[in-house]
Amino acid sequence: MRKTVIRSAAAAILVLCAGSFGSHAQDASEKEIERYREMISDPMSNPGYLAVDRGEALWSEARGTKNVSLETCNLGLGAGKLEGAFAQLPRYFADADKVMDLEQRLLWCMQNIQGLDTKDVIARRFSGPGRASDMEDLVAYIANKSNGMKIDIPLSHPKEQEMVAVGEALFYRRGGVNDFSCATCHADDGKRIRLQGLPNFSKPGKPAQETMGGWPTYRVSQGALRTMQHRLWDCFRQQRWPVPEYGSDVITALTSFLQKQAVAGELNVPSIKR
């Protein structure tokens, strides 16, 4: 009996030690990851700034049947005004009579201001080996113009309020072959996938602010700049849900909800992530 008790106690100690070691290992790994990010956060070291430069050229390039640039595109603060525009998106646009995120709005401006056939732009919505993405580059350039500003999406229009409500419902909606929802991973504190911490979006605050304030981002593991459209598209894919169409209202609704949870978070983009 005594040996059994001793063995049980020893096993319990080992479990506790293993748990403590695992916790310390995760903390150490996170510190090293953060140190790595700090080392390459300077614009001269962050490859995401190459996308910013390409986006600036695309913004002023005359294209489409009307042979004009995007410089008269109104992103919410007036024609051609970029400073602070990204911090207030998604938002309602009266000329389109709908709430749009940045990529939806850029597609609208390409089609209506430039007379551009956006089929190829949509086909290259996400970059890959040997395949650049105009949209990723434009988003990087425009978002960077809001650096240091606070997320402050407008919520006064009924359609803006409706879009946030739809986004919240989608966040908690379970489905797919795994019966997952966004909330499965992102509605509790302290959750992880492997060594990666998962932000809690179920309540406003620091986790949502820090996360949304860092998109678009350069993904080291993918060797590419990625937008929130790509992040949410990939979340649907990983949940084994049917993936939404590019520029769909589904993505805009979810983004609206996430931005609402992140209000007052400071933008620092393009950031750099694993």
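Here goes a summary of the coordinates provided. (Residues numbered from 1 in each chain as written. Predicted model: local features only at pLDDT ≥ 70, side-chain atom pairs only at ≥ 80, totals over all residues. Heavy atoms only, no water.)

Looking now at the layout of surface pockets. By volume, the second largest pocket amounts to about 230 Å³. Around the second largest pocket, the lining is made up of 19 residues, and of these Arg-54, Ser-127, Gly-223, Ala-224 and Leu-225 lie nearest the centre. For the lining of the second largest pocket, the secondary-structure elements that each account for two or more residues are helix H2 (48-59), helix H5 (134-144) and strand E6 (224-226). Broken down by element, the lining of the second largest pocket gets its largest block of residues, four residues, from H2. Of the residues that constitute the lining of the second largest pocket, the class distribution is eight nonpolar, six polar and five charged. (1 Å grid on protein atoms, 1.4 Å probe; cavity = no way out; pocket = protein on both sides within 12 Å on 5 of 7 lines; lining within 4 Å. Points joined across faces, edges and corners; volume = space filled by probe spheres on them. Helix = DSSP H or I, 4+ residues; strand = E, 2+ residues; numbered from the N terminus. Nonpolar A, V, L, I, M, F, W, Y, C, P; charged D, E, K, R; others polar.)

Further remarks concern the side chain of Glu-136. Mapped onto the fold, Glu-136 is located in helix H5. In terms of polar contacts, Glu-136 uses its side chain to reach the side chain of Ser-127, at 2.7 Å. Those residues in contact with Glu-136, other than ones at most four positions away along the chain, are Arg-125, Phe-126, Ser-127, Leu-225, Arg-226 and Thr-227. (Polar contact = N/O pair within 3.5 Å; in protein donor to acceptor, adjacent residues only side chain to side chain. Contact = heavy atoms within 4.5 Å.)

A few words on the sheet that holds strand E5 (residues 217-219). Read across the open sheet, the three strands follow the order E6-E5-E7; overall the sheet is mixed. Each edge of the sheet is formed by a strand with only one pairing partner; in this case those strands are E6 and strand E7 (271-273). The average angle at which neighbouring strand axes cross in this sheet is 35°, direction not considered. In this structure, E5 lies alongside E6, joined through three bridges in antiparallel fashion. When the bridges of E6 are listed, Tyr-218 appears paired with Leu-225. (Pairing = 2+ DSSP bridges. Axes fitted to C-alpha atoms, helices over the stretch in contact; angles between N-to-C directions.)

To continue, consider the nonpolar core. If you look at the biggest cluster of nonpolar residues, it comprises 54 residues, and the most contacted ones within it are Trp-59, Leu-75, Leu-102, Leu-106, Met-110, Ile-142 and Phe-171. Elements represented by at least two residues in this core include exactly H2, helix H3 (102-114), H5, helix H7 (182-186), helix H8 (206-212), helix H9 (228-238) and helix H10 (249-261). Examining the composition of this core, we find that seven residues originate from one element, H5, more than from any other. In this view, Ile-142 contacts Trp-59, Leu-75, Leu-82, Phe-86, Leu-102 and Leu-106; residues no more than four positions away in its chain are not counted. (Core = buried A, V, L, I, M, F, W, Y, C linked by side-chain atoms within 4.5 Å. Buried < 20%, exposed > 50% of the residue type's maximum accessible area, 1.4 Å probe, protein only.)

Right, let's get into helix H6 (residues 158-172). Every α-helix winds through 3.6 residues per turn, so residues three or four apart in the chain are directed the same way. In this model H6 runs 22 Å from its N-terminal to its C-terminal C-alpha over 15 residues, within 8% of the 21 Å that 1.5 Å per residue would give. Along H6, the positions that sit buried rather than exposed are Glu-160, Met-163, Val-164, Gly-167 and Phe-171. Each buried residue of H6 lies within a common arc of 100° when the element is viewed along its axis, so the set occupies one face. Packing partners of the buried residues in H6 comprise strand E1 (91-93), strand E2 (98-100), H7 and H10. (Expected span 1.5 Å × (residues − 1). Arc of directions from axis to C-beta.)

The full count for this structure, using the stated rule, is three cavities of 30 Å³ or more. What the largest cavity holds in volume is close to 200 Å³. In this structure, the largest cavity is lined by 16 residues; those nearest its centre are Phe-86, Leu-102, Met-228, Thr-255 and Gln-259. For the lining of the largest cavity, the elements supplying multiple residues, two or more each, are H3, H9 and H10. Class assignment for the residues of the lining of the largest cavity results in 10 nonpolar, four polar and two charged. What the second largest cavity holds in volume is close to 50 Å³. Together, Arg-125, Phe-126, Gln-229, Trp-233, Pro-244, Glu-245, Tyr-246 and Ile-251 line the second largest cavity. Here the residues of the lining of the second largest cavity are counted per class, giving five nonpolar, one polar and two charged.

Turning to its location among the elements, Glu-160 is positioned in helix H6. The charged side chain of Glu-160 is buried without a salt bridge, its nearest counter-charge being Arg-91 at 5.0 Å. The contacts of Glu-160, once residues within four sequence positions are left out, are Arg-91, Tyr-92, Val-99, Pro-154 and Leu-155. (Lys, Arg positive; Asp, Glu negative; His and termini not counted. Salt bridge = Lys/Arg side-chain N within 4 Å of Asp/Glu carboxyl O.)

Here we take up the packing of H9 against H10. Between H9 and H10, whose axes approach to 10 Å, the crossing angle comes to 105°. By the angle class used here, H9 and H10 are roughly perpendicular. Mapping the contact onto sequence places Met-228, Gln-229, Leu-232, Trp-233 and Phe-236 in H9 and Val-250, Ile-251, Leu-254, Thr-255 and Leu-258 in H10. (Parallel < 35°, antiparallel > 145°, perpendicular 65-115°, else oblique.)

What follows concerns the state of the cysteines. Tallied over the entire structure, the rule returns one disulfide. The thiol sulfur of Cys-185 is not disulfide-bonded, and the nearest other cysteine sulfur, from Cys-235, lies at 8.0 Å. In this structure Cys-185 comes out as partly exposed when scored by relative accessible area, which is 28%. Here Cys-235 is not disulfide-linked; the sulfur of Cys-182 is the nearest cysteine sulfur, at 6.5 Å. (Disulfide = S-S within 2.5 Å.)

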